[in-house]
Amino acid sequence: MPNAQGSITAILFCLLVAACATSNTPLSSDRFAVPTQVIFDTDFGGDADDLGAVAMLHYYADRGDIDLLAIASWSHEEYALPALAAVNQFYGRPDLQLGVREVDPWRTDWNYNKVIADQFPYQADTVSNAEPAVALYRRLLANAAPNSITIVTVGPLANIHNLLNSEPDAVSDKSGTELVSEKVNQFVIMGGQFPEGITAHGPEWNFDGNMQGVTQEVLQMIERPIIFSGYEVGEALKYGADLNQHPHETPLYVGYKYFSEHAPWMKQDYQGKVLDNSSFDQTAVMYAAINGDNDYWTLSAPGKLSVDERGVGTWSEAENGNHRFLVLTDQTESTVAEIAAAMTH
């Protein structure tokens, strides 16, 4: 005979999911033992933080915090997809679905993609079967339950822009904007600078991306809640040098070492070992898996982020705003320790 209390709990959970589907309140996985369904969007290969973030995704998936559905790549660097496939295979998910932005491929020598693809095995079919990013998003969202998907973005927002502007097709009779509004629980976006909108180096890369107006239009079109992890958060959390003490036969070590040696803004300090690096993208993954206020950060008051064509933001508090950003606590050492543990599991 079914447990009555369990049946009541299940009914209440379903009602809450249905209610949230028509609201701007994200359904936080820390309230229920239900893994957060994640689609991850990355500019893999440029900065080592993307590599660290992917390692963390597999850690949180192994732990049951998230259900990693797919990875979409903003980068169409020649070896980006093979490198992603190799990393996924290393962590036990050789068939994880991949998507890529529909642009002509390019080659960047200082990216760490090739060295990973050359040194670690991957299934060729995983790469050849990669879909255009928009097609991947539309298929996954069309098949998803209402208000069930968390989209984590750690690169420029072109894939999201293209998704939002997509038209109905054979997969779904809904537009991209409609699919996002109905199926996405929340976005977790690494980008911007808070509360001010510009970094010491100029407009933050993910919001600029040499794509004038893209971030501006994306934020205007998204109606679902967005949690931002700004530049200032990852900049305060340095990790990398400790990888010199970890096994060297891993994509993580190989990629971070190549990045330390070859990235234009890193190589002047390279002395044969992995260097510390900012943990920008890792914070977005960590939030998606853990959610809410904790010892690592608090959430800002609700508000609205508006950005100009360059991606430079202006923050304003608003009681009914569906934007919030992470604010680090003074526990940065424990935050770095969590990032390190998740990356090196």
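Keep in mind the model is a prediction, meaning the values are calculated, not measured.

Novice: Got a minute to help me understand the overall build of the protein chain in this structure?
Specialist: Scanning the protein chain from N- to C-terminus turns up 14 helices and 13 strands. What you see for the protein chain is a C-alpha radius of gyration of 19 Å, in line with the 20 Å of a compact globule of 345 residues. The 345 residues of the protein chain split such that 55% are buried. When the accessible area of the protein chain is evaluated, it comes to approximately 14,600 Å², of which 51% is carbon and sulfur surface.

Novice: Honestly, the packing of helix α2 (residues 48-63) against helix α3 (residues 80-90) in this entry has me stumped. Any pointers?
Specialist: The geometry of a pair of packed helices is captured by two quantities: the angle between their axes and the separation between those axes. Where α2 contacts α3, the axes come no closer than 10 Å and their chain directions differ by 35°. In this structure, α2 crosses over α3, and the sense of that crossing is right-handed. Taking contact as the criterion, the partners of Leu 51, Val 54 and His 58 in α2 are, on α3, Leu 84, Val 87 and Asn 88. When grouped by side-chain class, the residues that make up the contact of α2 with α3 number four nonpolar, two polar and no charged.

Novice: Help me understand the pairing of strand β7 (residues 226-229), please; the structure alone is not making it clear to me.
Specialist: Looking along a regular strand, one sees side chains alternate from face to face of the sheet. Side chains Ile 226 and Phe 228 project from β7 onto one buried face, and the interleaved Ile 227 and Ser 229 project onto a second face that is buried too. By the bridge criterion, four bridges tie strand β6 (residues 184-190) to β7 in an arrangement that is parallel. Among the inter-strand pairings, Val 188 is bridged to a residue of β7, identified as Ile 227. Bridging between β7 and strand β13 (residues 323-328) involves three bridges; their strand directions are parallel. Bridge pairing in β13 places Phe 228 opposite Phe 325.

Novice: Please clarify how the packing of α2 against helix α14 (residues 332-343) should be interpreted in this entry.
Specialist: Interhelical geometry of α2 versus α14 gives an angle of 80° and a closest axis separation of 7 Å. On the basis of the axis angle, α2 is roughly perpendicular to α14. Residues Gly 52, Ala 55, Met 56, Tyr 59, Tyr 60 and Arg 63 of α2 lie in contact with α14, whose contacting residues are Glu 338, Ile 339, Ala 341, Ala 342 and Met 343. Among the residues making up the contact of α2 with α14, the classes are represented as eight nonpolar, one polar and two charged.

Novice: Explain helix α12 (residues 251-262) to me, please; I cannot follow it from the model alone.
Specialist: Helical geometry: 3.6 residues make up each α-helical turn, so side chains three or four residues apart lie on a common side. With 12 residues, α12 ought to run about 16 Å at 1.5 Å a step, and its terminal C-alpha atoms sit 16 Å apart, in line with that. Buried within α12 we find Pro 251, Leu 252, Tyr 253, Val 254, Gly 255, Tyr 256, Phe 259 and Ser 260.

Novice: Just checking my understanding: could you explain the environment of Trp 74 for this structure?
Specialist: Mapping Trp 74 onto the fold places it in the loop between β2 (66-73) and α3. For Trp 74, a relative accessible area of 9% corresponds to the buried category. Along the chain, Trp 74 and His 246 lie 172 residues apart, while their C-alpha atoms are 30 Å from each other. In this structure Trp 74 touches Asp 41, Thr 42, Asp 43, Arg 101, Trp 106, Pro 156, Ala 158, Asn 159, Trp 205, Gly 209 and Met 211, once residues within four positions along its chain are discounted.

Novice: When you look at the pattern of salt bridges in this model, what are you seeing that I'm missing?
Specialist: Between side chains of opposite charge, pairing is possible as soon as their charged atoms come close. Counted according to the given criterion, the structure contains 10 salt bridges. Of the charged contacts, one joins Asp 118 and Lys 114 as a salt bridge, the two residues approaching to 2.6 Å between their closest N and O atoms. Pair noted here: Asp 118 and Lys 114 are both in helix α4 (residues 113-119), with a separation of four residues, about one helical turn. Residue Lys 114 is classed as partly exposed on the basis of its relative accessible area, which comes to 28%. A salt bridge links Glu 131 to Arg 139, with the nearest nitrogen and oxygen atoms 2.4 Å apart. Its relative accessible area of 25% is what places Arg 139 among the partly exposed residues. Because the salt bridges share partners, they merge into one network encompassing Glu 77, Arg 107 and Asp 109.

Novice: I'm lost on unusual backbone geometry in this one. Help?
Specialist: Backbone phi values are negative for most residues with the exception of glycine, while trans is the configuration of most peptide bonds. Omega for the bond connecting Phe 194 with Pro 195 falls within 30 degrees of zero, at -5°, which places this linkage in the cis form. Positionally, Pro 195 belongs in the loop between β6 and α9 (205-208). Here the phi dihedral of Asn 147 falls at roughly 55°; this positive angle occurs in a residue that is not glycine. For Asn 147, the location among the structural elements is in the loop between α6 (133-142) and β5 (149-153). Owing to a relative accessible area of 2%, Asn 147 belongs among the buried residues under this scheme. One non-glycine residue, Asn 210, lies in positive phi territory at about 55°.

Novice: Before we go on, may I ask you to explain the pairing of strand β11 (residues 303-307) in this structure?
Specialist: Here β11 shows one buried face, formed by Gly 303, Leu 305 and Val 307, and one open face, formed by Lys 304 and Ser 306. The pairing of β11 with strand β12 (residues 313-317) spans five bridges and is antiparallel. Bridged to Leu 305 within β12 is Trp 315. Linking β11 back to β12 in an antiparallel pair, the connection comprises five residues, with Gly 311 at a positive phi of about 90°.

Novice: Which parts of the structure should I look at to understand the nonpolar core?
Specialist: Among soluble globular proteins, nonpolar side chains are generally buried collectively. Ranked by size, the top nonpolar core spans 66 residues in total, and within it Phe 40, Tyr 60 and Ile 116 carry the most contacts. Broken down by element, the residue count for this core peaks at 10 residues, all from α2.

Novice: Sorry, what's going on with helix α13 (residues 280-290) here?
Specialist: Counted residue by residue, α13 has 11 buried out of 11 residues, so it is predominantly covered. Those residues of α13 that fall on the buried side of the exposure criterion are Phe 280, Asp 281, Gln 282, Thr 283, Ala 284, Val 285, Met 286, Tyr 287, Ala 288, Ala 289 and Ile 290. Looking one or two residues past α13, Asn 291 carries a phi angle of roughly 65°, positive in sign.

Criteria and thresholds
- Sequence order as written defines the numbering, with residues in each chain counted from 1.
- pLDDT decides what is reported in this predicted model: residues at 70 or higher carry local features, side-chain atom pairs at 80 or more are listed and counted, and totals for whole chains, interfaces and linings draw on all residues regardless.
- With hydrogens and water stripped out, all remaining heavy atoms of the structure feed into the side-chain values.
- Strands are runs of DSSP state E lasting at least two residues, helices are runs of H or I lasting at least four, and both sets are numbered from the N terminus onward.
- Atoms considered for the radius of gyration are the C-alpha atoms alone. The globule rule reads 2.2 Å times the number of residues to the power 0.38.
- Each residue gets one of three labels from its accessible area relative to the maximum for its type: buried under 20%, exposed over 50%, partly exposed in between, using a 1.4 Å probe on protein chains only.
- Here the open area of atoms and residues is found with the Shrake-Rupley method and a 1.4 Å probe, where only the protein chains shown may cover a residue.
- To obtain an axis, a line is fitted to C-alpha atoms, over the contacting stretch when the element is a helix, and the angle between two such axes runs from 0 to 180 degrees between their N-to-C directions.
- Here is the rule for handedness: rotate from the far helix to the near one, and if that takes an anticlockwise turn smaller than a right angle the crossing is left-handed, while a clockwise turn gives right-handed.
- Two residues form a contact once any of their heavy atoms are found within 4.5 Å.
- Residue polarity follows a fixed list, in which Ala, Val, Leu, Ile, Met, Phe, Trp, Tyr, Cys and Pro are nonpolar, Asp, Glu, Lys and Arg are charged, and the others, Gly among them, are polar.
- Only strands that DSSP links by at least two bridges are regarded as paired with each other.
- Note on angle classes: values under 35 degrees are labelled roughly parallel, values over 145 roughly antiparallel, values of 65 to 115 roughly perpendicular, and the remainder oblique.
- For a helix, the expected span equals 1.5 Å multiplied by the residue count minus one.
- Here, a salt bridge means any Lys or Arg side-chain nitrogen found within 4 Å of an Asp or Glu carboxyl oxygen.
- As used in this record, nonpolar core signifies buried Ala, Val, Leu, Ile, Met, Phe, Trp, Tyr and Cys residues forming a set joined through side-chain atoms within 4.5 Å.

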